[in-house]
Amino acid sequence: MAISTWRAHDLEQYEKEKTPEDGIENAILCEKYSEAELPFSWDDAIFWLKKSLEIREKLYGKNSIENIFQYEQMAYIYAHKPSHNNALKYYRKALRIREKAVGKSDLSLVEDYVCIAEIYRYIDIQNYEECAKNVFRAKQIEEENRPADNPVSFYVYQALADYYNVRHRTNEEGGQTSSKKPTEDSILEKEALQNMVTSAIKEYGAESCEAVACLEKYIHDIELPTQERLEIAGKILKIYYANIGIFERHKKSYCRPLSDFINYTTSRIAADIWFSWSTGYWFPWNTDEMQNLDRSCIGWGIKWIKENVSEEIAEKLIRGFNSNDQKMIREIISQSQMKEPVI
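Note that the coordinates shown come from a computational prediction; the quantities given were computed from them, not determined experimentally. (Residues numbered from 1 in each chain as written. Predicted model: local features only at pLDDT ≥ 70, side-chain atom pairs only at ≥ 80, totals over all residues. Heavy atoms only, no water.)

Novice: It is not clear to me how the overall build of the protein should be interpreted in this structure. Could you clarify?
Specialist: Helix and strand counts for the protein come out as 17 helices and zero strands. Overall, the protein is about 70 × 45 × 40 Å in size when its C-alpha atoms are taken along their principal axes. In the protein, which comprises 343 residues, the share counted as buried stands at 50%. Long-range pairs, those at least 24 residues apart, make up 62% of the contacts in the protein between residues at least 6 apart in sequence. As displayed, the protein offers around 17,900 Å² of accessible surface, 49% of which is attributable to carbon and sulfur atoms. Once the 45 positive and 56 negative side-chain charges of the protein are each reduced to a mean point, those two points are 1 Å apart. (Helix = DSSP H or I, 4+ residues; strand = E, 2+ residues; numbered from the N terminus. Buried < 20%, exposed > 50% of the residue type's maximum accessible area, 1.4 Å probe, protein only. Contact = heavy atoms within 4.5 Å. Areas by Shrake-Rupley, 256 points an atom, 1.4 Å probe, with all protein chains shown as cover. Lys, Arg positive; Asp, Glu negative; His and termini not counted. Charge placed at Lys NZ, Arg CZ, Asp CG, Glu CD.)

Next up, the structure:
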């Protein structure tokens, strides 16, 4: 099979840089090439990480705790490729190795259990029983090991909320529940999201990246009164821009599920404000770009931000759009009356 021009270039460079002995230095070099491919080429990232693991397994063995990060990284890359069966294979391998090294109730197992639960939510491999088994095992481990005043992390609560959300929507699509009244799953989802926010604030502080991400997920996933939602969104948008350097550092953390959660949620704070002026969105909101969006809602949302949050933040957001959108946004901002949100 033909290889890409870029991989051929990297292979040539690797041959020049590698040491004669196939030691750990070469494995680390392969990992550097793998990370450089993210998120541009999942296949090339896998290729280089496999080369690293070939070296590592010769050095340390195929079931060594020394290679645990690389197995988890491989699982993460396969999950995003996506190749969910392969992702499960590597997450389970990492979990087995870690359990053998630290026991079956150590806090270090939680992330692998949550990641496995998340994989089982994907439609091509969907299995609610396995999803529930893994996320509740993560919760149990935390309850046995964390402080009594905050026994479950926000990370596990968000996985629980996602589990209840997907199960609720699947039952709704199958006609097993009515969307007009709350179901047990929708109630449990809201409870998990509330607990997620409380846990993050208690552990990291009200202005932390973790708390901001959790509050954004909460207002994004739960139908709230418009003014309450906008008030929370405005507050966390201000925190985000006041601490932009800290949030930006999370964007440099590849293959880190926690950083992914923070990056993904906080990137849509402003959008969740201006979608309040769009009739084309609904709860739970689908913010995919392919939706038909009346772009004037962006202008009204930024006008609201300028009047209620910060003129400086509004201006930064405007500059992120193309010239036509900027013109439209400034025309709306210049209007004397504020249009009422529709959601």
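On we go.
Novice: In this structure, what is going on with the nonpolar core? I would like to understand it.
Specialist: Among soluble globular proteins, nonpolar side chains are generally buried collectively. One finds W274, I302 and I305 to be the most contacted residues of the largest nonpolar core, which totals 93 residues. In this structure, W274 is in contact with C297, I298, G301, I302 and F321, ignoring residues within four places of it in sequence. By size, the runner-up hydrophobic cluster in this structure holds seven residues, among which are Y14, A27, C30 and Y33. (Core = buried A, V, L, I, M, F, W, Y, C linked by side-chain atoms within 4.5 Å.)

Novice: What exactly am I supposed to notice about helix α1 (residues 5-17) here?
Specialist: In an α-helix, one turn spans 3.6 residues, which is why side chains three or four residues apart end up on the same side. Its 13 residues give α1 an end-to-end C-alpha distance of 19 Å, which sits within 8% of 18 Å, the value for a rise of 1.5 Å per residue. Next to the buried residues of α1 lie α2 (24-36) and α3 (42-60). (Expected span 1.5 Å × (residues − 1).)

Novice: Where do I start with the pattern of salt bridges in this structure?
Specialist: It is possible for side chains bearing opposite charge to pair when their charged atoms get close. With the rule as written, the count across this model stands at 22 salt bridges. In this structure, E12 engages K16 in a salt bridge whose closest nitrogen and oxygen atoms are separated by 3.7 Å. Placement of the pair is E12 and K16 together in helix α1, with a separation of four residues, close to one helical turn. Take E12: its relative accessible area is 47%, and that puts it in the partly exposed class. Look at K16 and you get exposed, because its relative accessible area is 60%. Linking R167 and D185 is a salt bridge whose minimum nitrogen-to-oxygen distance equals 2.4 Å. Placement of the pair is R167 in helix α8 (residues 154-173) and D185 in helix α9 (residues 184-204), with a sequence separation of 18 residues. By relative accessible area, which is 23% here, R167 ends up partly exposed. Three or more residues are tied together by salt bridges with common partners; here these are E118, R121, D162, K217 and D221. (Salt bridge = Lys/Arg side-chain N within 4 Å of Asp/Glu carboxyl O.)

Novice: Please explain helix α17 (residues 323-333) as it appears in this structure.
Specialist: Those residues of α17 that sit buried are D325, M328, I329, I332 and I333. Relative to the axis of α17, the buried residues are bounded by an arc of 135° and lie together on one face. Away from its buried face by more than 90 degrees, α17 exposes S323, N324 and K327. Among the structural elements, α15 (296-308) and α16 (311-318) are those in contact with the buried residues of α17. Its side-chain oxygen 3.2 Å from the backbone nitrogen of N324, N322 forms the N-cap of α17. (Arc of directions from axis to C-beta. Polar contact = N/O pair within 3.5 Å; in protein donor to acceptor, adjacent residues only side chain to side chain.)

Novice: Even after reading the chapter, I still don't get the packing of α2 against α3, so can you show me in this structure?
Specialist: When two helices pack together, their arrangement is given by the angle between their axes and by how far apart the axes lie. Orientation of α2 relative to α3, taken along the N-to-C sense of each, is 160°, at an axis distance of 8 Å. When the axis of α2 is compared with that of α3, the two are roughly antiparallel. Pair α2 / α3 crosses with left-handed handedness. Where α2 approaches α3, its residues I24, N26, A27, I28, C30, E31, Y33 and S34 are matched on the opposing element by A45, W48, L49, K51, S52, I55, R56, L59 and Y60. The residue inventory of the contact of α2 with α3, partitioned by class, reads eleven nonpolar, three polar and three charged. (Axes fitted to C-alpha atoms, helices over the stretch in contact; angles between N-to-C directions. Parallel < 35°, antiparallel > 145°, perpendicular 65-115°, else oblique. Left-handed = near helix turned anticlockwise from the far one by under 90°. Nonpolar A, V, L, I, M, F, W, Y, C, P; charged D, E, K, R; others polar.)

Novice: It is not clear to me how unusual backbone geometry should be interpreted in this structure. Could you clarify?
Specialist: Trans is the prevailing form of peptide bonds, just as negative phi is the prevailing case for residues other than glycine. Put simply, K81 and P82 share a cis peptide bond, and its omega is -10°. Considering the arrangement of structural elements, one finds P82 in the loop between α4 (68-80) and α5 (84-102).

Fair warning: the whole summary comes from geometry, so function is off the table for now.
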